[in-house]
Amino acid sequence: MRDLDDTQPSRSYYLQDYNLGVRGPPKLLLWSVILFALLIVVGVGGAIVGFREVLQPAQQQRVIDQLPFMRMFKEPTPVGGLFPTLASRSGESDALALLDMPLELDSATPPASAALSTPVAVLVETAVLATTVPAPTYTAAPTTVAIATAIATTLPSPAPPAAAAANEITVAPANLSGGELPSSARIYGVLHQQQTWNNCGPATITMSISYYGWQQDQAAAGSALKPNREDKNVSPHEMAAYVEEASDLKALVRMGGALDLLKRLVANGFPVVIETGAMFEAYDWIGHYRALVAYDDAYQRFYFFDSFLGVGDGAQGVAISYDEVDRDWQAFNRTFIVVYEPQREGLLRSLMDSHWDPQDAAELAFDVAQSEAREDPSDAFAWFNMGTSLVALQRYQEAAAAFDQSRRLGPPWRMMWYQFGAFEAYYQLGRYDDVLSLVKVNLNNAEEIEETYYWQGLVLQAQGKPEQAASSFRRALAYNPNYDEARAALARLN
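Counting from 1, residues in each chain are numbered in the order their sequence is written. Per-residue local features of the predicted model are confined to residues with pLDDT of at least 70, and side-chain atom pairs are confined, for both listing and counting, to 80 or more; whole-chain, interface and lining totals are unaffected and use all residues. Only hydrogens and water are removed before side-chain values are computed, so all heavy atoms of the structure are retained for them.

A. Unusual backbone geometry, seen in detail. The phi dihedral of glutamine 300 is positive, around 55 degrees, even though this residue is not glycine. In this text, helices come from DSSP runs of H or I with a minimum length of four residues, and strands from runs of E with a minimum of two, each type numbered from the N-terminal end. Inspection of the secondary structure puts glutamine 300 in the loop between β6 (286-296) and β7 (301-305). Each residue's exposure class comes from its accessible area (1.4 Å probe, protein chains only) as a fraction of the maximum for that residue type: buried when under 20%, exposed when over 50%, partly exposed otherwise. Judged by relative accessible area, glutamine 300 falls into the partly exposed class, the value being 44%. Phi angles above zero are rare outside glycine, and asparagine 333 is one such case at about 55 degrees. Structurally, asparagine 333 can be placed in the loop between α9 (322-330) and β9 (336-340). In this structure asparagine 333 comes out as buried when scored by relative accessible area, which is 3%.

Structure, rendered in structure tokens:
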């Protein structure tokens, strides 16, 4: 038998081997942990930078939908969510003088440039009478019904009673202009569209057209109205023009609407789209279109098919109080769109009364805004609406004073994404630096607004910089190839 002392290593060997095992691996492990932590930090930092600087807003939203905490890494909005205050040329006394200004005073300012062309929806009068046109059957207050399935992207409004099939309605002369309105009314047959990313305008106008049997979804309107899905604005006039180009229907846009007028239109079977301000959960103030489908005086509510919020309880429409609707609608000077069949134009004109003529509607809008500014001189929307109305009346000097006052008070920071009356007023007065200041504000917040580049181009052209102006017009067309005003401006420049 072999001796154990001859076959086993010495005790000192074991200790040496053990000590080597203890000293070697800890250092490697430590540096591995440090390197791994650095990789995580660099990876997270790179992901945040990529999220903020590389991804488009639509892509960012998809990330947020899956990882809600990523919302905290979005670029911060302007402090307080208000439009940055800029130095203005007109004094506050010039604006306050507007509160007592009679509108009939002839002080229109001649345009600074004959090349400017602002689209205005003007309808040709027809001799068609409404006596053969049916009016809707009125319904009682909406009732809640069970919905067994989730809301689809094209959910129809509730089916009408058997005695009142969609669009089969009877004449109701008492509901013409000046007549007594029913306490409630509903439009049947509107198909709801749940908007895709940043597609509120196309989705909502598609809902309105669907009342007349339109079968295409919002993608068709979106491809025409905003080829770039990141485009932040589709104007009411663009939507009305799309209706007339894509269908046999007609559409008009007016400012200065009123709640009673909305009721009168619904009660007589005319789909209406209104442009409002909205504050959705986790969002800042934003412009938003809504399709009106019903009203009910008993509940003091309007009912809307909303491309963002859906169709409400029982698919009756999202219920919003009269007061809240008017408050949100004020932000856009109570602008509305009516889609109608040509043979019903006579009836529509009677219902619209003074709102039928665009200039009369602008004067009505000014009167309301002036009254609201008198009641609350700190109301930035009221001053802004005065400016918008005065631009429509080509009274640019007073319009600029009103816009200056609104900017002093601080409207929401997205205001100039949607409304460009201030650009036009300043441009017409030769206040080019002010136009470029507004351009800069928009570009700092969103590049995908073709109107911003259009007004930039007009100013650069007026300043004798044709090459830079052409570049701006081309940039506008790059975001929206269907932008006719930019194309015409570029053609004139060439």
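Next, the rest of the story.
B. Summary view of the side chain of aspartate 328. For aspartate 328, the location among the structural elements is in helix α9. The charged-residue count follows a simple rule in which Lys and Arg add positive charge and Asp and Glu add negative charge, with His and chain termini not counted at all. A carboxyl oxygen of Asp or Glu within 4 Å of a side-chain nitrogen of Lys or Arg is what we treat as a salt bridge. Among buried Asp, Glu, Lys and Arg side chains, aspartate 328 stands out as unpaired, with arginine 290 the closest opposite charge at 4.1 Å. Discounting chain neighbours no more than four positions away, the residues touching aspartate 328 are Thr276, Gly277 and Arg290. Should any heavy atoms of two residues lie within 4.5 Å, those residues are considered in contact.

C. Spotlight on the packing of aromatic side chains. Centres within 6.5 Å make a pair out of two Phe, Tyr or Trp rings, where for Trp the six-membered ring is used; the pair is then stacked when the planes are under 30 degrees apart, edge-to-face when over 60, and tilted otherwise. Under the definition given, this model contains 20 aromatic pairs. Plain terms: the ring middles of tyrosine 454 and tryptophan 455 are 5.4 Å apart, the flat faces sit at 70 degrees to each other, and that makes the pair edge-to-face. Take tyrosine 454: its relative accessible area is 3%, and that puts it in the buried class. Grouping aromatic residues by their ring pairs yields a cluster made of Phe420, Phe423, Tyr427, Tyr432, Tyr454, Trp455, Phe473 and Tyr483. A positively charged side chain is recorded as over a ring if its NZ (Lys) or CZ (Arg) lies within 6 Å of the ring centre. The angle to the ring normal must also be within 35 degrees. Sitting over the face of the ring of tyrosine 303, arginine 186 holds its NZ or CZ atom 5.8 Å from the ring centroid. One cation-aromatic arrangement involves arginine 344 over phenylalanine 270; the distance from NZ or CZ to the ring centre is 4.3 Å.

D. Structural detail: the packing of helix α17 (residues 450-462) against helix α18 (residues 466-479). Viewed as axis vectors pointing N to C, α17 and α18 meet at an angle of 165 degrees, and their least axial separation amounts to 8 Å. Considered as vectors, α17 and α18 are oriented roughly antiparallel to each other. At the point where α17 passes α18, the crossing takes the left-handed sense. Residues Glu450, Tyr453, Tyr454, Gln456, Gly457, Leu458, Leu460 and Gln461 of α17 pack against Gln468, Ala469, Ser472, Phe473, Arg475, Ala476 and Tyr479 of α18. For the contact of α17 with α18, the class distribution of residues is eight nonpolar, five polar and two charged. Here the axes come from fitting lines to C-alpha atoms, over the contacting stretch only for helices, and the angles between their N-to-C directions go from 0 to 180 degrees. Roughly parallel means an angle under 35 degrees; roughly antiparallel, over 145; roughly perpendicular, 65 to 115; everything else is oblique. Helix crossings are classified by the rotation of the near helix relative to the far one: an anticlockwise turn of less than a right angle makes the crossing left-handed, while a clockwise turn makes it right-handed. Amino acids outside the nonpolar list (Ala, Val, Leu, Ile, Met, Phe, Trp, Tyr, Cys, Pro) and the charged list (Asp, Glu, Lys, Arg) are all regarded as polar, and Gly is one of them.

E. Examining the nonpolar core more closely. Counting 61 residues, the largest nonpolar core has Met386, Phe403, Phe423, Val435, Tyr454 and Trp455 as its most contacted members. When residues of this core are assigned to their parent elements, the largest contribution, seven residues, is made by helix α12 (residues 380-392). Residues in contact with methionine 386, not counting those within four places in the same chain, are Leu98, Phe366, Ala369, Gln370, Ala373 and Ala402. The next biggest cluster of nonpolar side chains, apart from the first, holds 59 residues, and it includes Ala185, Phe270, Val293 and Phe302. The definition of a nonpolar core used throughout is a set of buried Ala, Val, Leu, Ile, Met, Phe, Trp, Tyr and Cys residues joined through side-chain atoms within 4.5 Å.

F. Region of the structure containing the pattern of salt bridges. Throughout the structure, instances matching the rule amount to twelve salt bridges. Between arginine 334 and aspartate 326 there is a salt bridge, with the nearest N and O atoms lying 2.9 Å from each other. We classify aspartate 326 as partly exposed; its relative accessible area is 24%. One salt bridge in this structure joins arginine 334 and glutamate 372, with 2.7 Å as the shortest N-O distance. Residue arginine 334 is located in the loop between α9 and β9, and its partner glutamate 372 is located in helix α11 (residues 358-375); the two are separated by 38 residues in the primary sequence. The residues arginine 334 and glutamate 372 share a single accessibility class, namely buried. A cluster of three or more residues bridged by salt bridges with shared partners is formed by Asp404, Arg407, Arg431 and Asp434.

G. Structural context of the side chain of glutamate 275. When you line up the elements, glutamate 275 lands in strand β5 (residues 272-278). At 3.4 Å, the side chain of glutamate 275 forms a polar contact with the side chain of tyrosine 289. Look past the residues within four positions of glutamate 275 in its chain and what remains in contact with it is Pro236, His288, Tyr289, Trp329, Phe332, Thr335 and Tyr418. Think of a polar contact as two N or O atoms within 3.5 Å of one another; within protein, one of them needs to be a possible hydrogen donor and the other a possible acceptor, and neighboring residues in sequence only count if both atoms come from side chains.

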